[in-house]
Amino acid sequence: GPVAQMALGEAYLLTRRIDDTIGTLDAAFKAQPQDLYARLLLGAALTQRGECQRALSLQEEVLEESLGRPRLAYNLAVCYLQVGRPADAARLAERYVTQRPADPRGAVLQGDAALQSGDGRAALRHYEDAERLGRGQGGLRVSLAARLARAHLALRSPARAVALAEALLTHIAGASAASPLEEGELLAV
């Protein structure tokens with residue numbers, strides 16, 4: 001039944017089996033469309049898969065009744081960025097930062113929203129905040145360096161952007177665990 005599907009869907013989500021998650025939670029949500037938790041879990045899985053239009057349609061309806069759920073604010077902000085709504089992303093990124101001030105991902109979201117809005121200075125400030133909050137998180141360092149380089153490009157500081165990109169390439173070449181995502185983020189600069 002729907003309760004077992006919810007439990008299985010949540011387990012799939014926690015183990016990052018996103019396709020299985022979506023299939024299982026779709027069935028649970030169709031059986032119980034009023035279930036807030038099913039809606040939120042399915043929205044999170046859709047966000048991870050990049051299906052933001054569908055995730056937004058599921059989650060925007062329950063945003064106001066879910067004000068205390070920082071993960072919902074985070075997921076919606078990510079989707080707003082993907083669909084080109086940086087002002088909405090910035091509003092929810094601010095909510096996320098208020099609810100989880102020590103999590104660098106909130107500052108990264110704020111920086112991404114600022115950069116997408118064309119405010120390179122604000123983006124740079126938020127990325128630097130994220131860097132300070134995320135000290136010791138290697139994968140975050142790579143992601144932030146690429147974002148910092150993009151912010152410097154937006155501020156017309158190509159020499160600083162090149163220096164960051166070169167340092168990042170050196171870091172990736174020296175780290176045996178560099179992921180394709182990290183390299184892709186660098187190449188997207």
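Right above here is the structure, for reference.
Here is what the cut-offs are and how they apply
- Residues numbered from 1 in each chain as written.
- Predicted model: local features only at pLDDT ≥ 70, side-chain atom pairs only at ≥ 80, totals over all residues.
- Heavy atoms only, no water.
- Phe/Tyr/Trp six-rings, centres within 6.5 Å; stacked < 30°, edge-to-face > 60°.
- Helix = DSSP H or I, 4+ residues; strand = E, 2+ residues; numbered from the N terminus.
- Buried < 20%, exposed > 50% of the residue type's maximum accessible area, 1.4 Å probe, protein only.
- Lys NZ or Arg CZ within 6 Å of the ring centre and 35° of its normal.
- Contact = heavy atoms within 4.5 Å.
- Axes fitted to C-alpha atoms, helices over the stretch in contact; angles between N-to-C directions.
- Left-handed = near helix turned anticlockwise from the far one by under 90°.
- Nonpolar A, V, L, I, M, F, W, Y, C, P; charged D, E, K, R; others polar.
- Parallel < 35°, antiparallel > 145°, perpendicular 65-115°, else oblique.
- Salt bridge = Lys/Arg side-chain N within 4 Å of Asp/Glu carboxyl O.
- Disulfide = S-S within 2.5 Å.

> An account of the packing of aromatic side chains is requested, with residue identities and associated values reported.
The full count for this structure, using the stated rule, is one aromatic pair. Plain terms: the ring middles of tyrosine 74 and tyrosine 96 are 5.2 Å apart, the flat faces sit at 50° to each other, and that makes the pair tilted. Taken as a pair, tyrosine 74 in helix α5 (residues 70-82) and tyrosine 96 in helix α6 (residues 86-99) lie far apart in primary sequence, 22 residues in all. Of the two residues, tyrosine 74 and tyrosine 96, neither departs from the other in class, the shared state being buried. In this arrangement the basic side chain of arginine 105 is found over the ring face of tyrosine 74, its NZ or CZ atom lying 5.2 Å from the centre.

> Please give an account of the side chain of glutamine 110 that cites residues and values.
Here glutamine 110 shows up in helix α7 (residues 104-116). Setting aside anything within four residues of it in sequence, one finds glutamine 110 in contact with Ala93, Glu94, Val97 and His126.

> Explain the packing of helix α3 (residues 36-49) against α5 to me, using residue names and the numbers behind them.
Here α3 crosses α5 at 35°, and the two axes come no closer than 10 Å. Both α3 and α5 take part in a crossing whose hand is left-handed. Contacts between α3 and α5 pair Leu40, Ala44 and Thr47 from the former with Leu72, Asn75, Val78 and Cys79 from the latter. Residue composition of the contact of α3 with α5, grouped by class: five nonpolar, two polar and no charged.

> Lay out the packing of α5 against α6 with the relevant residues and their values.
Direction vectors running N to C along α5 and α6 enclose 155°, while the axes themselves pass 8 Å from each other. Taken together, the axes of α5 and α6 are roughly antiparallel relative to one another. Two packed elements cross with a definite hand, and for α5 against α6 that hand is left-handed. Across the interface between the two elements, Pro70, Arg71, Ala73, Tyr74, Leu76, Ala77, Tyr80 and Leu81 from α5 touch Pro86, Asp88, Ala89, Arg91, Leu92, Ala93, Arg95, Tyr96 and Gln99 from α6. Classifying every residue of the contact of α5 with α6 by side-chain character gives 12 nonpolar, one polar and four charged.

> Summarise the pattern of salt bridges; cite the residues concerned and give the values.
For the structure shown, the criterion picks out 11 salt bridges. Among the ionic pairs, arginine 132 bridges to aspartate 129, the shortest N-O distance being 3.8 Å. Here arginine 132 and its partner aspartate 129 are both found in helix α8 (residues 120-133), three residues apart, which amounts to about one turn of the helix. When its relative accessible area of 48% is taken as the criterion, arginine 132 is described as partly exposed.

> Quick rundown of the state of the cysteines? Include the residues and the values.
If you walk through the whole model with that rule in mind, you get one disulfide. Across the disulfide from cysteine 52 sits cysteine 79; the S-S distance is 2.5 Å. Taking the sign of the torsion about the S-S bond as the criterion, the disulfide between cysteine 52 and cysteine 79, at about -70°, is left-handed. Here cysteine 52, found in helix α4 (residues 52-59), pairs with cysteine 79, found in helix α5; they are 27 residues apart in sequence, far enough to count as distant. A relative accessible area of 0% places cysteine 79 in the buried class.

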